[in-house]
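The residues making up each chain are set out below.
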2 protein chains.
Amino acid sequence: MVTLKQLAKELNVSISTVSKALNNSEEIGEETVKRVKELAELYNYKPNKVALSLKQNKTKTIGVIIPDILNHFLAKVLFGIEREAANHGYNIITCISNESLEKEKESLQLLANGSVDGFILCVAQETQMKNEVQHFKSTIKKGLPIVMFDRVAHDVLCDKVIVDDFESTYNATKSLLEEGRKQIAFISNIDDLSVGKLRERGYAKAILENPELKVLALRMGRYDDHQKKIRTFFEENKGIDGVVAADSASGVIAINMAASLGFKVPEDVSVIGFSSKSVSNHSIPRLTTIRQHAKDIGANAAQLLINRLQNNLGEDDVKTKIVKTSLIRSGSTL
Amino acid sequence: MVTLKQLAKELNVSISTVSKALNNSEEIGEETVKRVKELAELYNYKPNKVALSLKQNKTKTIGVIIPDILNHFLAKVLFGIEREAANHGYNIITCISNESLEKEKESLQLLANGSVDGFILCVAQETQMKNEVQHFKSTIKKGLPIVMFDRVAHDVLCDKVIVDDFESTYNATKSLLEEGRKQIAFISNIDDLSVGKLRERGYAKAILENPELKVLALRMGRYDDHQKKIRTFFEENKGIDGVVAADSASGVIAINMAASLGFKVPEDVSVIGFSSKSVSNHSIPRLTTIRQHAKDIGANAAQLLINRLQNNLGEDDVKTKIVKTSLIRSGSTL
DNA sequence: ATGAAAGCGCTAACAA
DNA sequence: TTGTTAGCGCTTTCAT
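Please read these numbers as outputs of a predicted model, since none were measured by experiment. (Residues numbered from 1 in each chain as written. Chains lettered and ligands numbered in written order. Predicted model: local features only at pLDDT ≥ 70, side-chain atom pairs only at ≥ 80, totals over all residues. Heavy atoms only, no water.)

A. Spatial organisation of the side chain of Thr-173 of chain A. One can find Thr-173 of chain A in helix H9 (residues 165-178). In this view, Thr-173 of chain A contacts Ile-184, Tyr-203, Ala-206, Ile-207 and Val-244 of chain A; residues no more than four positions away in its chain are not counted. (Helix = DSSP H or I, 4+ residues; strand = E, 2+ residues; numbered from the N terminus. Contact = heavy atoms within 4.5 Å.)

In structure tokens form, the structure reads like this:
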């Protein structure tokens, strides 16, 4: 890597002259500016990022901590973050907490040593369970702002981007009720997460508004055999004519399983799930989905953070942004 | 962030004493070391990463450039890279090229200014099509090693991690032939990629070893309606009794579509596809898959790079590592 | 118009 | 055993 020093030497001027010339300072003579720029161009000079960071005490880098990159929703949010960040000249350093509180703490610690200007994160499952927030608070106190998305810690004062999980599931369930469905089941493999709970509550609310109906939920563990559980569930609850799925896989599996058990979708059973375009393609008919606009969530989170970094917002002047979902009707509903 | 300077001041010793004490230098008195460490602990002192990077001229950071993070295979490789890197004390900066040559060049440029010690990347589709490699070569010449995985540029001398695509598809096709299948089709939505081409060639080789059989390939564009294309394909080629799918979605869709068209899987049609555990769950029966061990690919790539960085390997002393696939038999084959 | 010098936080050779 | 100093690459204030 060529440095200012080398350019200066070759041009027989001082380092500061070169620096100023490259930064279009008014102080430097036109002729000199030209010579400097030409040589810099020739050598493809780029200012050393690390030196700049040290000098200016900011890195133009955002730390992103996500629990699971194999989760398509989270990957998509990451995509949104990356794009928005890149558009503003920020890089992202990605850490994966693997749903572990320990790893989350560690990543926060590790990057809080000057590597990044702030964080965007989705709280790990273990952290939510244990309701630990101290590490978030102390990071913020160090002057490193945090933006949380999707799964957030309510006790922490910071910017947040969330989905209207409760409302979306409520509305989705209502739309099945409007089709005339009477036995609508709720299927989830994420009932350990705050968003999973919210979704179930939204479903339950819609159901319980009709005194003659009852809730019927299948809660599966992450590592259960989801196909088997869903098949058994269908077999043990014969009259199911509607399904609301809380995660991206369950809806697709429910449709294919229903078909395989001889039900017609959507004539006999309607299915709605949280999913993305590509995954909703994996069932026949295609899954009617609640789109969370993951990219927008990411973009919003990045905007909030960058705005905070560039305008030095106060620690308690925080925003919570709600990104609305859309119901994309497809073949699995009437 | 507390600095050495502040600690030194408070302890009434020099900065270098503090530095040495914290680095367990033999030079410093036991008593002093103790005092220093206690105060550092109290203030939760962490050496500033940026200053260290500048001083030592290395960042302990790896630049990862991937074409598409929504591709499950690539996300999984990223996961493998991150974990292996973290285990060795490296961070990763992730850039997404979006399959664009321009963005790939840009990312390489942007990070080659001291932000990272080296790169792990998967060549963008556009780059492969135009067969551009200059940006890779010049990055390497700058002293920043590159490790390529999956889609690689053969003309660039660097470490590589690849899958035995040709052989895997050849073997998969053979295994269908051994089931007695006579009309085995190949379905792909990635025939624009080097790996897509290799997979088709592996399939074709196995077929053409039997003079009485012919190849039958469905090549779809990325943004085609894959369900529709596959349905039409089945309808126009009545006798298909086996499918080899080159990408992760096509196999799943083929199974579900076959079922929906009234075929029994695997009795009437056997299907094998490249996929991951979670996606193979999306069809009933489950897809028999060629597992690429994406995490291992990532881990291997990270190892190669870190090894090179730490041992200063010569530019032409390069390795190509082939990660073998495994055929995971499931319900979609006999 | 140009240059010298300080300083960001740290390490390490050298001096005391 | 401890401290002084230089230097990593850069910007910027203050001379010249």
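From this point, the discussion proceeds with the structure in view.
B. Looking closely at the packing of aromatic side chains. Counted according to the given criterion, the structure contains four aromatic pairs over all chains. Between Phe-234 of chain A and Phe-263 of chain A the ring centres are 6.1 Å apart and the planes differ by 40 degrees, which places this aromatic pair in the tilted class. With Phe-234 of chain A in helix H11 (residues 226-236) and Phe-263 of chain A in the loop between helix H12 (248-260) and strand S9 (270-274), the pair connects residues that are 29 residues apart, well separated along the chain. Look at Phe-263 of chain A and you get partly exposed, because its relative accessible area is 24%. Lying over the aromatic face of Phe-274 of chain B, Arg-199 of chain B brings its terminal NZ or CZ to 3.7 Å of the ring centre. Over the aromatic face of Tyr-170 of chain B sits the side chain of Lys-205 of chain B, whose NZ or CZ is 4.6 Å from the ring centroid. (Phe/Tyr/Trp six-rings, centres within 6.5 Å; stacked < 30°, edge-to-face > 60°. Buried < 20%, exposed > 50% of the residue type's maximum accessible area, 1.4 Å probe, protein only. Lys NZ or Arg CZ within 6 Å of the ring centre and 35° of its normal.)

C. Region of interest: the interface of chain B and chain A. Tallying the contact residues gives 49 residues for chain B and 49 residues for chain A. Taken together, both faces of the contact between chain B and chain A bury some 4,300 Å²; the carbon and sulfur share is 60%. On the chain B side of the contact with chain A, Leu-70, His-282 and Ile-284 of chain B bury the most area, a combined 16% of that side's loss. At the boundary of chain B with chain A, the tally comes to four salt bridges. Only helix H4 (49-56), helix H5 (72-87), strand S2 (91-96), helix H6 (101-111) and helix H12 (248-260) of chain B provide two or more residues apiece to the side of chain B that touches chain A. Among the residues making up the side of chain B that touches chain A, the classes are represented as 22 nonpolar, 18 polar and nine charged. (Buried area = accessible area lost by both parts, 1.4 Å probe. Salt bridge = Lys/Arg side-chain N within 4 Å of Asp/Glu carboxyl O. Nonpolar A, V, L, I, M, F, W, Y, C, P; charged D, E, K, R; others polar.)

D. Up close: the pairing of S9 of chain A. All names here are of chain A. Here S9 lies mainly inside the structure; five of its five residues are buried. On S9, burial covers both faces: Ser-270, Ile-272 and Phe-274 on one face and Val-271 and Gly-273 on the other are all buried. In terms of strand pairing, strand S8 (residues 242-245) meets S9 through four bridges, oriented parallel. Across the sheet, Ala-245 pairs through a bridge with Gly-273, a residue of S9. Handedness of the crossover joining S8 and S9 through H12 is recorded here as right-handed. Across three bridges, the pairing between S9 and strand S10 (residues 288-291) is parallel. (Pairing = 2+ DSSP bridges. Right-handed = clockwise from strand over helix to strand, strands pointing away.)

E. Looking closely at the protein's contact with DNA strand C. Surrounding DNA strand C, one finds 26 residues, the nearest of these being Thr-17, Lys-20 and Lys-55 of chain A together with Leu-4 and Tyr-45 of chain B. Separating a base oxygen of DNA strand C from a side-chain N or O atom of Lys-20 of chain A is a distance of 2.2 Å. Within the side chain of Tyr-45 of chain B, one N or O atom sits 2.6 Å away from a phosphate oxygen of DNA strand C. Listing elements by their share of the surface near DNA strand C, those giving two or more residues are helix H2 (15-22) and helix H4 (49-56) of chain A together with helix H1 (4-11), helix H2 (15-22) and H4 of chain B. Residue contributions to the surface near DNA strand C peak at four residues, all from H2 of chain B. Taken together, the residues of the surface near DNA strand C break down into nine nonpolar, ten polar and seven charged. (Near = heavy atom within 4 Å. Polar contact = N/O pair within 3.5 Å; in protein donor to acceptor, adjacent residues only side chain to side chain.)

F. Local environment of the protein's contact with DNA strand D. Within the structure, DNA strand D sits among 25 residues, and Tyr-45 of chain A together with Ser-16, Thr-17, Lys-20 and Lys-55 of chain B are positioned closest to it. Among atoms of DNA strand D positioned within 4 Å of the protein, sugar and phosphate together represent 59%. Ser-16 of chain B has a polar side-chain atom sitting 2.9 Å from a base oxygen of DNA strand D. Elements represented by at least two residues in the surface near DNA strand D include exactly helix H1 (4-11), H2 and H4 of chain A together with H2 and H4 of chain B. Looking at which element gives the most residues to the surface near DNA strand D, the answer is H2 of chain A, with four residues. In terms of residue class, the surface near DNA strand D is made up of nine nonpolar, ten polar and six charged.

G. Looking closely at the nonpolar core. Membership of the largest hydrophobic core comes to 56 residues, with the highest contact counts inside it found for Ile-62, Ile-120 and Phe-149 of chain A together with Ile-62, Ile-120 and Phe-149 of chain B. Beyond its immediate chain neighbours, meaning those up to four positions away, Ile-120 of chain A contacts Ile-62, Gly-63, Val-64, Ile-65, Ile-81, Val-147, Phe-149, Ala-301, Ala-302 and Leu-305 of chain A. Judged by nonpolar contacts, the second largest core, of 42 residues, contains Leu-144 and Val-152 of chain A together with Ile-65 and Val-156 of chain B. (Core = buried A, V, L, I, M, F, W, Y, C linked by side-chain atoms within 4.5 Å.)

H. The arrangement of the side chain of Asp-159 of chain B in detail. All names here are of chain B. Tracing the chain through its elements places Asp-159 in strand S5 (residues 159-163). Residue Asp-159 is classed as buried on the basis of its relative accessible area, which comes to 2%. Side-chain polar atoms of Asp-159 contact the backbone nitrogen of Lys-319, separated by 2.7 Å. In contact with Asp-159, not counting residues within four places along its chain, are Ile-146, Val-147, Met-148, Leu-304, Arg-308, Asp-317, Val-318 and Lys-319.

I. A look at the pattern of salt bridges. By the definition in use, this model includes 35 salt bridges over all chains. The partner of Glu-82 of chain A in a salt bridge is Lys-103 of chain B, and the shortest N-O contact between them spans 3.7 Å. Note that Glu-82 of chain A is positioned in helix H5 (residues 72-87) and Lys-103 of chain B in helix H6, a pairing that runs across two chains. Two residues, Glu-209 of chain B and Lys-205 of chain B, come together in a salt bridge whose shortest N-O distance is 4.0 Å. Taken together, the shared-partner salt bridges connect Glu-99, Arg-151, Asp-192 and Arg-222 of chain A into one network.

J. Local environment of helix H8 (residues 134-141) of chain B. Every buried residue of H8 of chain B is accounted for by His-135, Phe-136, Thr-139 and Ile-140 of chain B. Buried residues of H8 of chain B fall within an arc of 135 degrees about the axis and therefore sit on the same side. (Arc of directions from axis to C-beta.)

K. View of empty space enclosed by the protein. Under the defined criterion, the tally for this structure stands at one cavity of 30 Å³ or more. There is about 200 Å³ of room inside the largest cavity. Considering the residues around the largest cavity, the lining is formed by 16 residues, among which Val-50 and Ser-115 of chain A together with Val-50, Thr-61 and Ser-115 of chain B are closest to the centre. Looking at the lining of the largest cavity, the elements that each hand over two or more residues are H4 of chain A together with H4 of chain B. Considering only residue class, the lining of the largest cavity consists of four nonpolar, ten polar and two charged. (1 Å grid on protein atoms, 1.4 Å probe; cavity = no way out; pocket = protein on both sides within 12 Å on 5 of 7 lines; lining within 4 Å. Points joined across faces, edges and corners; volume = space filled by probe spheres on them.)

L. Expanded view of the sheet that holds strand S9 (residues 270-274) of chain B. Residue and element names in this part refer to chain B. Taken together, six strands build an open sheet; the order of strands is S7-S6-S8-S9-S10-S12 and the sheet is mixed. Among the strands making up the open sheet, the edge pair consists of strand S7 (217-219) and strand S12 (326-328). On average, each strand axis in the sheet is tilted by 20 degrees relative to the strand beside it, whichever way the strands run. Packed on one face of the sheet, helix H10 (residues 194-208) meets strand S6 (184-188), S7, strand S8 (242-245) and S9 and runs near 175 degrees to S6. (Axes fitted to C-alpha atoms, helices over the stretch in contact; angles between N-to-C directions.)

M. Structural view of the layout of surface pockets. A volume near 1,200 Å³ is recorded for the second largest pocket. Around the second largest pocket, the lining comprises 49 residues; the ones closest to its centre are Asn-57, Asn-113 and Gly-114 of chain A together with Met-1 and Asn-48 of chain B. Mapped onto the lining of the second largest pocket, the elements with two or more residues apiece are H4 and helix H14 (294-311) of chain A together with H1, H2, helix H3 (30-43) and H4 of chain B.

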